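# Reading the structure
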Amino acid sequence: MSLVVENLSCARGGIPVLERVCFALNPGEVLVLRGPNGAGKTTLLRTVAGLQPPLAGTVEAEPESVAYAAHADGLKATLTVAENLEFWAGIFGTSGIDAALTAFDLEALVDRHAQNLSAGQKRRLGLARLLVTGRPVWALDEPTVSLDVASVGLFGAALKGHLAQGGSALIATHIDLGVEARVLDVTEFRATPEAGGGAFDEAFA
Amino acid sequence: MIRLFLRDLKLAIRSGGGFGLGLAFFLIVTVLVPFGVGPESGRLAAIAPGILWLGALLACLLSLDRIFALDYEDGSLDLLATAPIPLEGVAAVKAAAHWVTTGLPLTLAAPALGVLLNLPGPAYGWLVVSLAVGTPALSVIGAFGAALTVGLKRGGLLLSLLVLPLYVPTLIFGAETVRRGAEGLDVTTPLLLMAGITLGAVALLPFAAAQALRINLR
Amino acid sequence: MSIWEYANPKKFMTTTAPVLPWMVALSALCLVVGLVWGFFFTPDDYRQGSTVKIIYIHVPSAMMAINIWAMMLVTSLIWLIRRHHVSALAARAAAPVGIAMTLIALVTGAIWGQPMWGTWWAWDPRLTSFLILFLFYLGYVALWEAIDNPDTAADLTSVLCLVGSVFAILSRYAVLFWNQGLHQGASLSLDKEENVADVFWIPLLVCIAGFVLLFIALVLIRTRTEIRARRLHAIRMRQRMG
């Protein structure tokens, strides 16, 4: 169940941003991605999640083992909290949203429409979606945006529970989540103009 | 995938725009035509098959950009792309949901609007049949166009420009079916040709749409 | 030594640079000879008078309008399958030329149609098919222009070109079904005896050669421009990256 990334190069908008990224993520581990804005954290996460093809290198993971969560939560404003979660549970073929609701303290809001949630509550619902996917590897892009301290605590607890069940997580974040984590600074892998990372625009220059 | 279908229907009903907008547009187009060409019933009867098909087609076009754009904006499309269901299935289901919320109501409403345009008696049955057979093609072709333009800021206008030429064969055969029905001629040939286009589009275009979505998401 | 070698932009640039002036000169020569011959040194048609001479523009441009789309289809497929960037750029370069050819065919057709059929425009299957082809070209170019990322644009326009080709053929037959039309049969076939006499045929062939060469020259120029633009873009990006 481990995720192995080898010599990965990825591009954003046709321009290589990262090259020769190598890391392995074993069950029960958290890897935190650090780096300034525009360093390529989101691009790396999207490549790992399989949303974009790598320029070079490989991402080895069990098929359909990665759950991705980004800035947008994928919530429908006219559906209730429970309906939103049930939909994703259905799509991912799992059942039971109660544990996810409890973990992110959403029980009181189950029948509230998503359009009437605050930004932090929406975020909690978006993170609760991770629990209903039943996937072992989480790829998270700034999961704690707009969360207050208590909610960050809830997320940290959910993350610990996920790790205890043999899950792992790849997280781009700047704050301390209260779990033991290795740190990967993506600036080390910044694509250099000379190497080009196998990008095609090389052939033009 | 059934879940996705049901969710899309639920969203269309709750947001209101789904069923009503296309129908209202169809009604307005049909009502405006006599103002443009004059109230003479013989002339209206002659052009009714074409106008009804054209009105249904434009009403269909109206809601195409919502097929993928809403899911793209709120991030659902990213999540669906990483979900266990294939993107081809997502495209097909979304086209089907679009048909149920747009094509089906248009098909059912068309006879009532046919009365306004003095559509000759024998044509009503063929109007419903031809729309029922033809509008799924409009939805699937439209879903392909929507997938091509999903990431663009001003995608709506471009979508129309891309999709309208693709609608030509369906429109020709559909209107021809109704026209022949109105004149009491044999409708088999155009109806079967249109059915062929619909089946081909339904079978193949979800793959093209899914490919376009993958390109747009990366 | 494979033909794909020329798909490398650098190789393409160095290969086409010396060829280009010859292409331009040859196409100019063919067009001048063909058009002057056709316009001034062929007899008038006994039925159509001097109006028939517009075929020296109308027929080659109509042929090119269709063939350019076919060429775009082939280059799109090459791009989708083998990811040669020159191929995608050539498709992009060809499209506006295709639009121009379609427009020329439509306009010369209207000018010819006025004295012959007594109308500038008729919903004849051939005319209608060209009009639809024109719409397909417009959509294709509009999609290219709308997308910023060149690779994404190349991918999406290629998919559109593929699907569009199928629907263009469908439309062609749908239009034939819809209206049988006034247009004369094809002016050209391999069995030339059936169609036009030698005096018209030979200058027409020269004109067609001229249009083909003109197209090749224009596509080479435009592809070279696209490659330079991409190169410029790459250099800018490189500078920005530091």
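I will try to describe carefully the structure that is included in this document.

Parameters at a glance
- Residues numbered from 1 in each chain as written.
- Chains lettered and ligands numbered in written order.
- Predicted model: local features only at pLDDT ≥ 70, side-chain atom pairs only at ≥ 80, totals over all residues.
- Heavy atoms only, no water.
- Helix = DSSP H or I, 4+ residues; strand = E, 2+ residues; numbered from the N terminus.
- Rg over C-alpha atoms; globule rule 2.2 N^0.38 Å.
- Buried < 20%, exposed > 50% of the residue type's maximum accessible area, 1.4 Å probe, protein only.
- Pairing = 2+ DSSP bridges.
- Axes fitted to C-alpha atoms, helices over the stretch in contact; angles between N-to-C directions.
- Expected span 1.5 Å × (residues − 1).
- Core = buried A, V, L, I, M, F, W, Y, C linked by side-chain atoms within 4.5 Å.
- Contact = heavy atoms within 4.5 Å.
- Buried area = accessible area lost by both parts, 1.4 Å probe.
- Polar contact = N/O pair within 3.5 Å; in protein donor to acceptor, adjacent residues only side chain to side chain.
- Phe/Tyr/Trp six-rings, centres within 6.5 Å; stacked < 30°, edge-to-face > 60°.
- Lys NZ or Arg CZ within 6 Å of the ring centre and 35° of its normal.
- Salt bridge = Lys/Arg side-chain N within 4 Å of Asp/Glu carboxyl O.

### Regarding the overall build of chain A
Counting secondary structure elements, chain A contains 6 helices and 8 strands. From first element to last, N terminus to C terminus, chain A shows the α and β order β-β-β-α-β-β-α-α-α-β-α-β-β-α. Against the globule reference of 17 Å for 205 residues, chain A gives a C-alpha radius of gyration of 18 Å, in line with a compact fold. For chain A, the C-alpha atoms occupy an extent of roughly 60 × 35 × 30 Å along the three principal directions. Here chain A holds 205 residues, and 55% of them are scored as buried.

### Here's the deal with the sheet that holds strand β2 (residues 15–25) of chain A
Residues and elements named next belong to chain A. One open sheet accounts for 3 strands, arranged β2-β1-β4; its pairing is antiparallel. With partners counted over all chains shown, the strands left at the sheet margins are β2 and β4 (56–60), one partner each. Sheet twist, expressed as the mean angle between neighbouring strand axes with direction ignored, is 30 degrees. Looking at chain direction, strand β1 (residues 3–12) and β4 are connected through 4 bridges and run antiparallel. Bridge pairing in β4 places Val5 opposite Val59.

### Some words on helix α2 (residues 55–82) of chain C
An ideal rise of 1.5 Å per residue puts 40 Å on 28 residues; α2(C) measures up with 39 Å between its terminal C-alpha atoms. In the segment just after α2(C), C:Arg83 is the residue with positive phi, at about 55 degrees.

### Thoughts on the nonpolar core
Residues A:Leu44, A:Leu159, B:Phe68, B:Phe144, C:Met72 and C:Tyr140 are the most contacted members of the largest nonpolar core, which totals 175 residues. Those residues in contact with A:Leu159 that sit more than four places away from it in its chain are A:Val30, A:Trp138, A:Ala169, A:Ile171, A:Leu177 and A:Val179.

### Let's talk about the interface of chain B and chain A
Contact residues are listed per partner, giving 22 residues for chain B and 26 residues for chain A. Each partner contributes to the roughly 2,100 Å² buried at the junction of chain B and chain A, and carbon and sulfur atoms together form 63% of this total. Our count for the chain B to chain A interface comes out at 9 residue pairs in polar contact (both at pLDDT 80 or more). Put simply, the parts of the chain that give the side of chain B that touches chain A at least two residues each are α1 (2–15), α4 (66–73) and α5 (76–82) of chain B.

### Concerning the sheet that holds strand β8 (residues 182–185) of chain A
All names here are of chain A. An order of β5-β6-β7-β3-β8 is seen for the 5 strands of this open sheet, with the pairing classed as parallel. Looking at which strands have only one partner, the edges of the open sheet turn out to be β5 (66–69) and β8. The mean inter-strand angle of the sheet, taken between neighbouring strand axes irrespective of direction, is 15 degrees. Strand direction decides the pairing type here: strand β3 (residues 30–34) and strand β7 (residues 168–172), joined by 4 bridges, are parallel. In the strand pairing of β7, Leu31 is matched with Leu170. Sheet strands touched by helix α4 (residues 119–133): β5 and β6 (137–141). Its angle to β5, the strand with the most contacts, is close to 175 degrees.

### Some details on the packing of aromatic side chains
Counting across every chain of the model gives 10 aromatic pairs over all chains. Note on C:Trp69 and C:Phe136: the rings are 6.1 Å apart at their centroids and 70 degrees apart in plane angle, and the pair reads as edge-to-face. Of the two residues, C:Trp69 is situated in helix α2 and C:Phe136 in helix α4 (residues 125–146); the sequence distance between them amounts to 67 residues. Per residue, the accessibility class of C:Trp69 equals that of C:Phe136, and both read buried. Feature note: the residues C:Trp69, C:Phe136, C:Tyr137 and C:Tyr140 constitute an aromatic cluster, connected by ring pairs. The ring of A:Trp88 has A:Arg129 lying over it, and the distance from NZ or CZ to the ring centre is 5.6 Å. A cation over an aromatic ring shows up here: B:Arg7 above the ring of A:Phe87, its NZ or CZ 4.3 Å from the ring centre.

### Observations concerning the pattern of salt bridges
Under the defined criterion, the tally for this structure stands at 20 salt bridges over all chains. We note a salt bridge from B:Asp74 to A:Lys76, for which the minimum N-O separation is 2.8 Å. With B:Asp74 in the loop between α4 and α5 and A:Lys76 in the loop between β5 and α2 (81–91), the pair connects residues from two separate chains. Of the two residues, B:Asp74 and A:Lys76, neither departs from the other in class, the shared state being buried. Residue A:Glu83 is joined to B:Lys10 by a salt bridge in which the shortest nitrogen-to-oxygen separation is 3.3 Å. Remark: B:Lys10 occurs in helix α1 and A:Glu83 occurs in helix α2; the pair is interchain, linking two chains.

### A word on the pairing of β7(A)
All names here are of chain A. For β7, a buried count of 5 out of 5 residues is recorded, marking the element as mostly surrounded by other parts of the structure. Along β7, one buried face is formed by Ser168, Leu170 and Ala172 and the opposite face, lined by Ala169 and Ile171, is buried too. Pairing analysis gives 5 bridges linking β6 to β7, with the strands arranged parallel. From the neighbouring strand, Asp141 faces β7, where its bridge partner is Ala172.

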